[in-house]
Amino acid sequence: MNKDVIIIGAGVAGLYMLHTLRKQGLDVHIVDRAAGVGGTWYWNRYPGCRCDIESLDYSYSFDEALQQEWKWTEKYASQPEILAYLEHVAERFDLHRDISLNTSIDSAEFVEDTQRWRLTTSDERILEAKYVVMATGVLSAPKDPRIEGLEDFEGHVLKSASWPQGGVDFTGRRVALIGTGSTGIQMVPKIAEQAERLYVLQRTPSFSIPAHNRPLSDAEQSEVKSSYADFRRRARSSPLGVDTKSDPRSAVEVDAHTRESVFRANYDYGSPMRFANSFNDIVVSEEANAHAVDFVAERIRERVTDQATAEKLIPRSYFLATRRMCIDTDYYETFNQPNVELVDLLENPLERVDATGFVVDGEHIEVDDIVLATGFDAITGALSRIDIRGRDGRVLNERWADYPASFMGVMVHGFPNMFTITGPLSPSVNSNMFVTIEQHVEFIAGLIAASEGQGTSTVEVSAQAETDWCTHAEEVSHQTLFPRTESWYTGANIEGKPRVVLPYLGGVGAFDKLLDEQAENHYPAFEFA
Ligand code: NAP
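Residue numbers restart at each chain and count upward from 1, following the sequence in its written direction. For a predicted model such as this one, the threshold for reporting local features is a pLDDT of at least 70, and the threshold for listing and counting side-chain atom pairs is 80 or more; totals across whole chains, interfaces and linings nevertheless cover every residue. The side-chain values count all of the structure's non-hydrogen atoms but skip hydrogen atoms and water molecules.

Caption draft 1: Broad picture of a negative patch on the surface. For patch detection, residues must exceed 30% relative accessible area and be free of salt bridges, and they are connected within 9 Å for like charges or within 5 Å for nonpolar side chains (Val, Leu, Ile, Met, Phe, Trp, Tyr). Each accessible area is a Shrake-Rupley estimate made with a 1.4 Å probe; only the visible protein chains count as cover when residues are assessed. What counts as a salt bridge is simple: a side-chain nitrogen of Lys or Arg found within 4 Å of a carboxyl oxygen of Asp or Glu. His is not counted here, nor are the chain ends, while Lys and Arg score as positive and Asp and Glu score as negative. Charge positions are represented by NZ for Lys, CZ for Arg, CG for Asp and CD for Glu. A contiguous patch of negative charge, built from Glu148, Glu151, Asp152 and Glu154, is present on the exposed surface. Here a helix means four or more residues in a row that DSSP labels H or I, a strand means two or more in a row labelled E, and each is numbered from the N terminus. Within the element layout of this structure, glutamate 151 appears in the loop between strand 6 (126-134) and strand 7 (156-159). Burial here depends on accessible area, computed with a 1.4 Å probe over protein chains only, as a share of the maximum for the residue type. Under 20% is buried, over 50% is exposed, and the range in between is partly exposed. The class for glutamate 151 is exposed, based on a relative accessible area of 65%.

Caption draft 2: Focus on the side chain of aspartate 328. Relative to the assigned elements, aspartate 328 resides in strand 11 (residues 326-328). In this structure aspartate 328 comes out as buried when scored by relative accessible area, which is 3%. Polar contacts involving the side chain of aspartate 328 include one to the side chain of arginine 303, which spans 2.6 Å. Polar side-chain contacts of aspartate 328 include one of 2.9 Å to the backbone nitrogen of tyrosine 331. Under the rule applied, a polar contact is a pair of N or O atoms within 3.5 Å (in protein, one hydrogen donor and one hydrogen acceptor; residues adjacent in sequence only if both atoms are side-chain atoms).

Caption draft 3: Structural detail: the sheet that holds strand 13 (residues 350-353). Taken together, 3 strands build an open sheet; the order of strands is 13-14-15 and the sheet is antiparallel. The two strands at the open ends of the sheet, each matched to only one other strand, are strand 13 and strand 15 (363-366). In this sheet, adjacent strand axes meet at a mean angle of 25° when their direction is disregarded. At least two DSSP bridges between two strands are required for those strands to pair. Relative to strand 14 (residues 357-360), strand 13 is paired through 3 bridges, and the arrangement is antiparallel. Inter-axis angles, ranging from 0 to 180 degrees, are taken between N-to-C directions of lines fitted to C-alpha atoms, where helices are fitted over the stretch in contact.

Caption draft 4: Quick look at the sheet that holds strand 9 (residues 197-202). With parallel pairing, 5 strands are arranged side by side in an open sheet as 7-16-8-9-12. Every interior strand has two partners, whereas the edge strands, strand 7 and strand 12 (340-344), have only one. Direction aside, the axes of adjacent strands within the sheet are offset by 20° on average. For strand 8 (residues 174-178) and strand 9, the ladder comprises 5 bridges, and the chain directions are parallel. Among the inter-strand pairings, arginine 174 is bridged to a residue of strand 9, identified as arginine 197. Two residues qualify as a contact provided that any one of their heavy atoms is within 4.5 Å of a heavy atom in the partner residue. Along the sheet, helix 5 (residues 182-194) makes contact with strand 8, strand 9, strand 12 and strand 16 (369-372), crossing strand 8 at roughly 170°.

Given below as structure tokens:
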């Protein structure tokens, strides 16, 4: 195969990239290791899986007819509904004819002689293209949790990010669930509905607030759709890529009554982004953050009957919203059920798994199934699983061994004609991903058009522009509490990964302006050769 552009990944990013570049007259092809389109939403089909960004926000804005015609059924869409939406987009824009599924890329090499990329699939086929776009996803490389004895377990080991297609029936079964991030929190109530016994093995608890998910009325949808373009514009110029206003006041400066009522209103609305933006200093001031922590801790105590369990469910080792805040439907209340038990691994670490169960504090507990919701090697993980070699044999994994350098998450110096969608140091996971994916896709399409327009062989970000961006992203992150938290945002969940705040924290709106400035000024950060 020899193409103008090969895109790796048929998720939200890859599908829009294909559609956009095809309109520019380029010969484009997507490869994806999955058997269907949808990326993250293809793989993550575990019970309770749904989005934590509201449906009317979490969707493409690029096509007016699409956004008018698609009807969401709930405030927060479930995984099957989002997957159906992405499948609809692939059909509607006739994308399938340029997508090869069940195709996994092992390596990508920039060949100096031809100035083209040469990709090798896992079944040793060679694909070539002038440009390669990594639409490989930010939460698509599951973490290996390294649990002693797991390979000896004779029951089922189920992984949230590769859940069986037909679902799993836990009726009458004893289940251990490991991991209490967004994924575990969504699964716990669903598994507890069926399981005879559910052990929730928690190392670090999460902050979660009720989602208050509900059906979306026609009237609500019509209101947004009556001026959808304005709604999208506001989202794109907002800090997090959603059309919500943050309170301009400090949580420390307002009186206690005001503070409580602002927190209460955002908590009752049921949106982690709104809650984390209750005041302008929740993620920059320890004192402001402590007020938010106190408010949520009190709600956890109200929701859980057994107060010893409630105390274990309250996070104490990090600042609220510096790890992804969760939303839930009845998560804490599930611990009031007689068939559910919290196992606090901070108090008593998981000693090992064996053929029939797990051991904690010297006690062996028998289970039939082990469910892993242990997270991802985020943002850089999917790229590091491909052997990527750029100019002069530079290896991306070596380049990123100490620091994941990138210009605005879109390109790495030394890797000409290779683009990353929502790569490191772009807003990515700290935003509404649909918005930041659209930003990047449109920017990359513009850059490729500029390169083609000049008849150049390669486009590459300059070393200086990359260094300047990394410095800026670091400076911004150090104005916040994020670098002080151990999380997947900072690479701390993966052994040996450099500790860097991976998402850019300067805001989606500010980021959009900077991308526009690049385009308006003929891409000063890039060298065309
Ligand atoms: P995560 O937030 O990284 O949570 C992983 C959990 O597994 C943590 O509680 C972690 O504990 C635990 N863990 C990892 N290794 C372990 C081990 N060896 N032993 C015991 N516990 C272990 O991963 P996630 O829940 O999959 O969520 C990742 C991100 O995906 C979210 O933050 C969110 O951005 C996205 N997501 C979103 C939604 C949604 O939209 N509602 C749903 C799911 C996921 P430690 O922290 O102690 O390591």
